[in-house]
Each structure stands twice: as C-alpha cells, then as structure tokens.
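Okay, here's what each chain looks like letter by letter:
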Amino acid sequence: MVLKAFFPTCCASADSGLLVGRWVPEQSSAIVLAVVHFPFIPIQVKELLAQVQQASQVGMAVLGTWCHRQQEPEESLGHFLEGLGTIFSHEPWLQLCRERGSKFWSCKAIHRQVSSAPDVPNEDQVMLIFYDQRKVLLSQLHPPTVVSDHQDGDAMASTGGLAVVFDTVARSEVLFCSDQYDEGPVRLSHWQSEGVEASVLVELAKRASGPVCLLLACLLSLISAASGCRLWKLWPLPFIRSKLSTCEQLRHRLDHLTLVFSTQKAQSPAQLMRKANMLVSVLLDVALGLILLSWLHSSNRIGQLADALIPVADHVAEELQHLLQWLMGAPAGLKMNRALDQVLGRFFLYHIHLWISYIHLMSPFIERILWHVGLSACLGLTVALSILSDIIALLTFHIYCFYVYGARLYCLKIYGLSSLWRLFRGKKWNVLRQRVDSCSYNLDQLFIGTLLFTILVFLLPTTALYYLVFTLLRLLVVTVQGLIHLLVDLVNTLPLYSLGLRLCRPYRLAAGVKFRVLEHEVGRPLRLLMQINPLPYSRVVHTYRLPSYGCHPKHSWGSLCRKLFFGELIYPWRQGGDKQD
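Bear in mind that the values here come from a model prediction, so they are computed numbers and not experimental data. (Residues numbered from 1 in each chain as written. Predicted model: local features only at pLDDT ≥ 70, side-chain atom pairs only at ≥ 80, totals over all residues. Heavy atoms only, no water.)

## Topic: the pattern of salt bridges
Applicable threshold: A carboxyl oxygen of Asp or Glu within 4 Å of a side-chain nitrogen of Lys or Arg is what we treat as a salt bridge. Under the DSSP-based scheme used, a helix requires at least four consecutive residues in state H or I and a strand at least two consecutive residues in state E, with every element numbered from the N terminus. The buried label applies to any residue whose accessible area, calculated with a 1.4 Å probe on protein chains only, is under 20% of its type's maximum; exposed applies above 50%, and partly exposed to all values in between.
As enumerated under the stated definition, the model contains 9 salt bridges in all. Across the pair aspartate 15 and arginine 187 runs a salt bridge, and its minimum N-O distance is 4.0 Å. One end of the pair, aspartate 15, is in the loop between β1 (2-8) and β2 (17-24); the other, arginine 187, is in strand β9 (residues 187-189), and 172 residues separate them in sequence. We classify arginine 187 as partly exposed; its relative accessible area is 33%. In the salt-bridge network here, residues are joined through shared partners; they are Glu248, Arg251 and Asp255.

This is the structure:
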C-alpha cells in the first residue's frame, strides 16, 4: 500500500525530533504540521496535543520521527528516535530521514501490530509530498469545503484529499502561535519558527479598530434611525425617494458602511472577504470623489459649467423646435394627416416653451446648485454620478413627457386596431379566461367597427412617426443614464480587494494544486512538490462580486422589441424594488 505523507518545506532543515500532525485513514495520508525537538517530556507533548485538539477540533497525534543525519554526528540518536514508537503508539509509524552527505531521503511507514513475524514490522511505500505551510494556511481552496472531525476516532467527512490538507492546516493555526522565542516546555518547528510575523503598525491598527468600529457603528445607527423616521414615509417622499438614483445609492452605501464597521466578527473567510471588498470599494469611491471635487473647484470650472448650461439648453430646445416643425410639414416626403399633425406639433411646441421658461427662471440658481452637487462628491464618486443621472433625468423631463404622450397614443391605436381586426373575424377577447373566443356581431356593430378601423388606420402613420422620433430621443437619454448606472454599479460591485490579492498574493485564492517531481529513482521514495494554482480573474470576480441594488437592464431583447412595437412604456434601468410592467 502507498501512503502519502505531506511534509512542510520549512521543516526540511529542522533538528531531529517527533513528527506532529494528523492522520487521515480514509485516504492513507499523513499531514505533518510541526516537528518537536529535544529536550522534551512525553507527557508534556501529549498535553500540548490535547490542548491544540481541543482548541482547533483537529485530531492531533505523534505520527513518527524525523531524523536529520546531516546535523546529527551520532548514530545513537537515530536508534533512540526509533524507540519512541513504543511511547507514542501510532499505526502506521512514520520514519523520515535525510541521509548524511547526500540529497536523498529515506521514508518508512511501519506497522507493528500486524507483523507477520515477531519483531519484524511490515512496511508500506511512502510518497513524500512537500508543501508550503504558510501559503496553504493563508490560502482558500475554491470551492470551499468544510471538513469536520467526528468524535469517534477522527473519522472524516466525505471530501477530497486536497480539501483535507487545506482545512487541517487552516484549523491548526493555534499550533503555529508558538515559536522558538517562547519559553515553553515543548519546542516546535513550523512556518513561524524564526519568530511570529508581526508589525507595530498592524498591532496598533488591531487595537484601535475595536473602538473606531464601535464609534462608527453608533454613528451609522443614528443615521439609519433618522432615515427610518416616519416623516420620510409621508407621501410623496417615498415615491420620490424610490425614483431618485441618489437616494438609492446613499442607502446602498449606508448598508455597506453598517456591515463593514459592525462590531460582530466575521464568521467565515467569505464574510471577511466581503467586508474587505466593501471597505476597499468605499475607500476608492471616496478617493475618486475627492479627486473630482478638487478638479471641479479648481479654475472655477463650476462657474464655467453653469455659464455653458443655459446656451446648451437653448440649443437643444431650438433643435427640438426645428424637429417638430419638420414633422409638422412633410417629413421625408410622407403625406401626413394635417389636422392631427398640427395638433400634435403645437401641443409639443407648447411643452418646449414651458420648459425653456422654467430653465431661464432657474438660471440664477444653477451655479449654486452645481456647487452643492460638486460638494457632494466628497461622499464618493458614485454619489456624484447618481446626482448627475438625476439631473439628466430632470433636464430631459420634457423628452420623457413627449415619449409618454406618443407611446400612449400609439399604444391606444394599436390595441384598438387589434380589437377591431378581431371583430371582422368574428372573434373577441375574453377577459375572464384570458383567451380569444368566437362571437357573433350584428350589422350596426360591423358598420361602426369598419368606420373606426378606417379612421385609426389613416391616423396611424402620423402617430407612429411622432412615436418613433420621440422613442429614439428617449432611448438616447436612457442609454446615457444606463452608462452612468453601469459605471456606478461597477464601482459598487467590483471586488477590488480580491483582485488585489489575486494580483499580489495569488496563492491566497487557490483553484487547486499542481505537483512537480523532485526525485523519482528506483529504490527511493517518490518526492513531489505541491504548488498552488491561483484562481482565474474571471472566477475571482464571479465569486466575490458584491451585490448590486439593481441598476441593470431588466428586459431581454425579445421583450424589449415587443414592447417597442406595441407602444408599451419601457424602463430599461429600473430599480430593483420596482414592479415590472
């Protein structure tokens, strides 16, 4: 039988001693976690293992002995280590030895209880697999697998061998808290043998994070209580708040900050990664907002924007007037219904005059409004972009009104024509059963239906042309708003911390492992090096992408074309809580 022994590379140069780790009988694997050095007392080693097992819930045992002959001039120590198997009884008993004067290793797995003859132990072949203990400890294997020990003899849950190795090393972190500078009864070698890695700044940040998070959590709770006041639930404030992108973005950021600065500790690495991604997203958002704020308030750019806004609005209104005058004539040589054409054209021209009057009435306050909008960028770039989207929606409200008027008229005629067409075929729409049933009509009904059908058919081209033009204008505005919303959604949901880990510390996000052959000779144990395969960037984004508040298209291309053809109102970038049409 072939036995797999996972050996940490940091212990390859350690002094001789005992191999401490975990035995996985289902996979015939031994996971070495540390080497215990002399001098030690066996009862103290057992107490240490019991403490680690109680803290980590990982079955710990002395798996065998480790002999570094290059550092041991006397052969008596090797015989002494072999005799320790009677004190720490474990089946099988591993004997790893690095031979003196060569790079070769000898590996044995001895079974003493099932020997075929007295004092003749059975031996298994051992495959020695080296692994980087620090990388395996800090990495997360994807998909994450929870491995649990049963109380009756270290039985394992059904999982892969690699998940067992990663989970064992991760849960045995308490074993790595001690190092050679600690004054303890047992001296160990592991990945922190040269001293626990720490930093004064990191320790200060850890100690200060508790009071800071508590203070910010109290502040955010007050803001949440103020936002949940009954005053904000009076009509029409809830309706306005649900339609403004700025309110949705502020609520979204408030939820992020509440989760990030919560005093509750993350229960899993996934929750910790989510908090880190949210914190980095908020910090990047605020940094980009401050850059935008400094750019706007330098060289009086806000005043320049305010001075250019009125001429741009006048130019847009003038172009719309020319478009309506073109539609009121003979657009593209088409013969329109003159009466309906004049009524619709004058109706829309009146709306444009009202809108221009409103813009000129607001012109003295535009610079102050833009100044406060620019000041809101200190809350983040996404807040400034959301305000920009709302401003575009307000400045193009007349185009939205034109689109709604044209869509309602066109939809009314389309549904009227479809109903009258069913009348000619002797059919009608059954509202209760939601189906088309047969029906008999008299001559008066057929005459009125024919008259109305003729009128609607001849008026349809004029209405359809106005609907087409204003729908294209509305789609242009919606496309600009959609691009802004997609940029906001990108900043909100992109897992920047995870991507930074993947770029700088690729082993932290593991998609699996690969093995490189170190030694493969006849009569020698096979030695492999386990290396971590990093998670692809696409899977990093897919796995750790933050939830969005719903600024993304809700319709498929088929349903969108159907709604455009029948004149139904479309809102491609609606909020997540709104109902679909």
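## Examining the packing of aromatic side chains
Note the cut-off: Aromatic rings from Phe, Tyr and Trp, taking only the six-membered ring of Trp, are treated as a pair when their centres fall within 6.5 Å; an angle between ring planes under 30 degrees marks them as stacked, one over 60 as edge-to-face, and anything in between as tilted. The rule is short: NZ of Lys or CZ of Arg within 6 Å of the ring centre and within 35 degrees of the ring normal puts a charge over the ring.
Taken as a whole and judged by the stated rule, the model has 16 aromatic pairs. Here the aromatic rings of tryptophan 355 and tyrosine 358 are separated by 5.4 Å at their centres, their planes lie at 40 degrees, and the arrangement is tilted. Taken together, the positions of tryptophan 355 and tyrosine 358, both in helix α10 (residues 338-362) and 3 residues apart, correspond to about one turn of that helix. A residue is classified by how much of its surface remains accessible, and tyrosine 358, at 42% relative accessible area, is partly exposed. Consider the rings of tyrosine 415 and phenylalanine 566, whose centres lie 6.3 Å apart with planes at 35 degrees: the pair is tilted. On the criterion of sequence distance, the pair formed by tyrosine 415 in helix α13 (residues 397-424) and phenylalanine 566 in helix α17 (residues 557-566) is long-range, its members being 151 residues apart. The positively charged end of arginine 502 is found above the aromatic ring belonging to tyrosine 537, 4.5 Å away from the centroid.

## Let's talk about the environment of lysine 108
Considering the arrangement of structural elements, one finds lysine 108 in strand β6 (residues 105-111). A residue is classified by how much of its surface remains accessible, and lysine 108, at 36% relative accessible area, is partly exposed. A sequence separation of 16 residues divides lysine 108 from proline 92, and the C-alpha atoms of the two residues are 9.3 Å apart.

## Re unusual backbone geometry
Among all residues except glycine, the phi angle is most often negative; among peptide bonds, the trans geometry is most common. One non-glycine residue with positive phi stands out, namely serine 28, at about 50 degrees. Relative to the elements of secondary structure, serine 28 occurs in the loop between β2 and β3 (29-37). By relative accessible area, serine 28 is classed as buried at 15%. Residue glutamine 57 is not a glycine yet carries a positive backbone phi of 60 degrees. Here glutamine 57 is to be found in the loop between α1 (42-56) and β4 (61-68).

## Points about helix α14 (residues 443-493)
This is how it is decided: The span expected for a helix works out to 1.5 Å for each residue beyond the first. The angle separating two fitted axes, one through the seven residues that finish at a residue and one through the seven that start at it, defines the bend at that residue. Here a polar contact means two N or O atoms within 3.5 Å. Within protein one must be a hydrogen donor candidate and the other an acceptor candidate, and residues neighboring in sequence count only if both atoms are side-chain atoms.
The first and last C-alpha atoms of α14 sit only 63 Å apart over 51 residues, clearly below the 75 Å expected at 1.5 Å per residue. Approximately 40 degrees is the largest bend angle found in α14, and it occurs at leucine 460, with the proline proline 461 only one to four residues beyond. Between the side-chain oxygen at the start of α14 and the backbone nitrogen of aspartate 444 there is a gap of 3.4 Å, and the oxygen is on asparagine 442.

## Details of the UniProt feature "transmembrane region" (unreviewed entry) in the protein chain
What counts is decided by this rule: UniProt positions are given in the numbering used here, feature names are shortened, and annotations may be inferred rather than shown by experiment.
In the numbering used here, UniProt assigns the feature "transmembrane region" (unreviewed entry) to residues 276-296, 343-361, 373-396, 445-469 and 475-499. Taken end to end, residues 373-396 is 75% helix and 0% strand, and its two terminal C-alpha atoms sit 18 Å from one another. As annotated, residues 475-499 has a helix share of 92% and a strand share of 0%, and its two end C-alpha atoms lie 34 Å apart.

## Some remarks on the packing of helix α7 (residues 245-260) against α14
The cut-off we apply is this: Lines fitted to C-alpha atoms define the axes, with helix axes restricted to the stretch in contact, and inter-axis angles between N-to-C directions lie between 0 and 180 degrees. Each angle gets one of four labels, with under 35 degrees taken as roughly parallel, over 145 as roughly antiparallel, 65 to 115 as roughly perpendicular, and the rest as oblique. The contact criterion used is simple: two residues touch if any of their non-hydrogen atoms lie within 4.5 Å. In the scheme used here, Gly and all other residues not listed as nonpolar or charged are polar, with Ala, Val, Leu, Ile, Met, Phe, Trp, Tyr, Cys and Pro taken as nonpolar and Asp, Glu, Lys and Arg as charged.
Where α7 contacts α14, the axes come no closer than 12 Å and their chain directions differ by 5 degrees. With respect to α14, the axis of α7 lies roughly parallel. Judged by residue contacts, Ser245, Gln249, His252, Arg253 and His256 of α7 engage His485, Val488, Val491 and Asn492 from α14. The residue makeup of the contact of α7 with α14, split by class, is 2 nonpolar, 6 polar and 1 charged.

## Regarding the pairing of β3
Inclusion rule: Note on pairing: two strands pair once DSSP finds at least 2 bridges between them.
Across the 9 residues that make up β3, a large majority, 9, are buried. Pairing analysis gives 3 bridges linking β1 to β3, with the strands arranged parallel. From the neighbouring strand, lysine 4 faces β3, where its bridge partner is serine 29. As paired elements, β2 and β3 share 8 bridges and run antiparallel to each other. The residue of β3 that forms the bridge with leucine 18 is valine 36. The sheet contact formed by β3 and β9 spans 3 bridges and is antiparallel. Bridge assignment links valine 35 to a residue of β9, and that residue is serine 189.

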